Amino acid sequence: MVFLNIVYKITTGYFSENTIVLAQGEMLLDGTFQVQTFGFPPLEDREKSTSLFTGLDYFGGGTLAKEDTIRLAEMESRAVNEMFVILSDIWLDHEETMAKLQIVLDGYEEVEVVPSLFVLMGNFCSHPFNLSYNSFSNIRLSFGKLGELIAKHPRLKEQSRFLFIPGPEDAGPSSVLPKCALPKYITVELQKHVPNAIFASNPCRIKFYTQEIVFFRQDLLYRMRRNCLIPSSTEETSEHFEHLVATITHQSHLCPLPLSVQPIIWNYDHCLHLYPTPHTIVLGDSSEQKAFKYTGITCFNPGSFANDSTFVVYRPCNQEVELSALDT
């Protein structure tokens, strides 16, 4: 048995039971490993990763020939008007939240170029979803009302896509990750009004020409801080969101928590991998709205729309993040 004696440490990020660290030190005669420095594994650049494993399809959409990649890059450079609107915590059973959502949709209905994509992330109910109180029938009606609201904006309905990602307390078989898409039973009324609506899993990955974008709805900041074994250093940054971004990128995993805290379906653990590193990571969290660019990776949290009226406008062409909010 090896005993650890930590005399000096580097603690940028959150170190929990499930994180991988590299430790440097000295093995003493009594069998104690005296740690002098330790930290996360180094982060590998995306270009280096993809060049080393040419031909492997990490995204899951099929491999592309070099000519196709060049063509997509040219198309991406011309897509300067493409815009994503990303909102988290869309409480369909909350009148104030729905009134605020209508204001957002009304505003974008009138702009010259409408957003190409609206990403609506859960939770979609103001209280944890359960089978009591007719939750299934109520949430089904609420999604139908949302469909009617979207249908009242003809330009958005015809020209924009709507992507729905479930939250940790939304309807589903369990709390394990990855979380499957919302059940068709509760979304069918919305699809009658918005046929091109997409209901994805959590996490969800999309491709914007050559860029890979990852969406993950989980109150991860609170849980990582709660399960942190060593206090984070404030030497480099005191921003908790920046520590969170450093943790998940160096761990190459969206949720490096112990299985006792967050169960994961082992056969689908690869869905939470961040290797090769994506271009953009969207962390839907109920904490304060934040944005941070780390080693070339654009990361942001749109905040809680229901609680704080915040959302993000993202322009993928130049990876520009606009932290937005309604006046309250």
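Higher on the page you've got the structure.
Keep in mind the model is a prediction, meaning the values are calculated, not measured. (Residues numbered from 1 in each chain as written. Predicted model: local features only at pLDDT ≥ 70, side-chain atom pairs only at ≥ 80, totals over all residues. Heavy atoms only, no water.)

J.: So what about the environment of Leu101? Which residues, and what values?
T.: Looking at the secondary structure, you find Leu101 in helix α3 (residues 95–109). Each C-alpha atom, one on Leu101 and one on Ser309, is 9.1 Å from the other, the two residues being 208 residues apart in sequence. Beyond its immediate sequence surroundings of up to four residues, Leu101 is in contact with Leu87, Ile90, Leu146, Leu149 and Phe305. (Helix = DSSP H or I, 4+ residues; strand = E, 2+ residues; numbered from the N terminus. Contact = heavy atoms within 4.5 Å.)

J.: Give a description of the sheet that holds strand β4 (residues 84–88) that names residues and reports values.
T.: Read across the open sheet, the six strands follow the order β7-β6-β5-β4-β13-β14; overall the sheet is mixed. Two strands bound the open sheet, and with one partner strand each, they are β7 (198–199) and β14 (320–325). One ladder, built from two bridges, connects strand β6 (residues 161–165) with β7; its direction is parallel. Following the sheet pairing, Leu163 is matched in β7 by Ile198. (Pairing = 2+ DSSP bridges.)

J.: Would you mind going over the pairing of strand β2 (residues 22–27) in detail, with residue names and values included?
T.: Direction of pairing for β2 relative to strand β3 (residues 32–39): antiparallel, over a ladder of six bridges. Residue pairing for β3: Ala23 is matched across the bridge by Phe38. The turn linking β2 back onto β3 is made up of four residues, and Gly31 within it adopts a positive phi angle of 90 degrees.

J.: Would you mind going over the sheet that holds strand β8 (residues 204–208) in detail, with residue names and values included?
T.: Here we have five strands laid out as an open sheet, ordered β8-β9-β10-β12-β11, and mixed in their pairing. Strand pairing shows two members of the sheet lacking a second neighbour, β8 and β11 (290–294), which therefore form its edges. Geometrically, the sheet is characterised by an average inter-axis angle of 15 degrees between neighbouring strands, direction not taken into account. Judged from the five bridges that link them, strand β9 (residues 211–217) and strand β10 (residues 280–284) form a sheet pairing that is parallel. By the bridge assignment for β10, Phe215 is matched with Val282. Contacts from helix α8 (residues 240–251) reach β10, β11 and β12 (297–301) within the one sheet, and its direction differs from that of β11 by about 45 degrees. (Axes fitted to C-alpha atoms, helices over the stretch in contact; angles between N-to-C directions.)

J.: Can you tell me about the packing of aromatic side chains, naming the residues and giving the values?
T.: Inspection of the entire model under this criterion finds 14 aromatic pairs. Judged by centre distance (6.1 Å) and plane angle (65 degrees), the rings of Phe136 and Tyr185 are edge-to-face. With Phe136 in helix α4 (residues 135–151) and Tyr185 in helix α6 (residues 184–193), the pair connects residues that are 49 residues apart, well separated along the chain. Exposure remark for Phe136: the relative accessible area of 30% places this residue in the partly exposed category. Ring pairing ties together the aromatic residues Phe84, Phe208, Tyr209, Phe300 and Tyr314, which thus form one cluster. Lying over the aromatic face of Phe305, Lys100 brings its terminal NZ or CZ to 5.3 Å of the ring centre. Positioned above the aromatic ring of Tyr185 is the side chain of Arg140, whose terminal nitrogen or guanidinium carbon lies 4.5 Å from the ring centre. (Phe/Tyr/Trp six-rings, centres within 6.5 Å; stacked < 30°, edge-to-face > 60°. Buried < 20%, exposed > 50% of the residue type's maximum accessible area, 1.4 Å probe, protein only. Lys NZ or Arg CZ within 6 Å of the ring centre and 35° of its normal.)

J.: If you had to explain α4 to someone new, which residues and values would you point to?
T.: Taking 1.5 Å of rise per residue, 17 residues should cover 24 Å, and α4 covers 24 Å from first to last C-alpha, within 8% of that figure. Considered for burial, the residues of α4 that qualify are Ser135, Ile139, Ser142, Phe143, Gly144, Leu146, Gly147, Leu149 and Ile150. Those residues of α4 that are buried are in contact with α3, β5 (117–121), α5 (154–159), β6, α6 and β7. (Expected span 1.5 Å × (residues − 1).)

J.: Which residues make up unusual backbone geometry, and what are the values?
T.: Between Leu177 and the following residue, Pro178, the backbone shows a cis peptide bond with an omega angle of -5 degrees. Within the fold, Pro178 resides in the loop between β6 and α6. In this structure, Tyr209 takes a positive phi of about 55 degrees despite not being glycine. Here Tyr209 shows up in the loop between β8 and β9. Given a relative accessible area of 26%, Tyr209 falls into the partly exposed group. In this model, Ser309 sits at a positive phi of 60 degrees, which is unusual for a non-glycine residue. With respect to the element layout, Ser309 can be found in the loop between α9 (305–308) and β13 (310–315).

Spatial relationships are all this shows, so hold off on functional conclusions.
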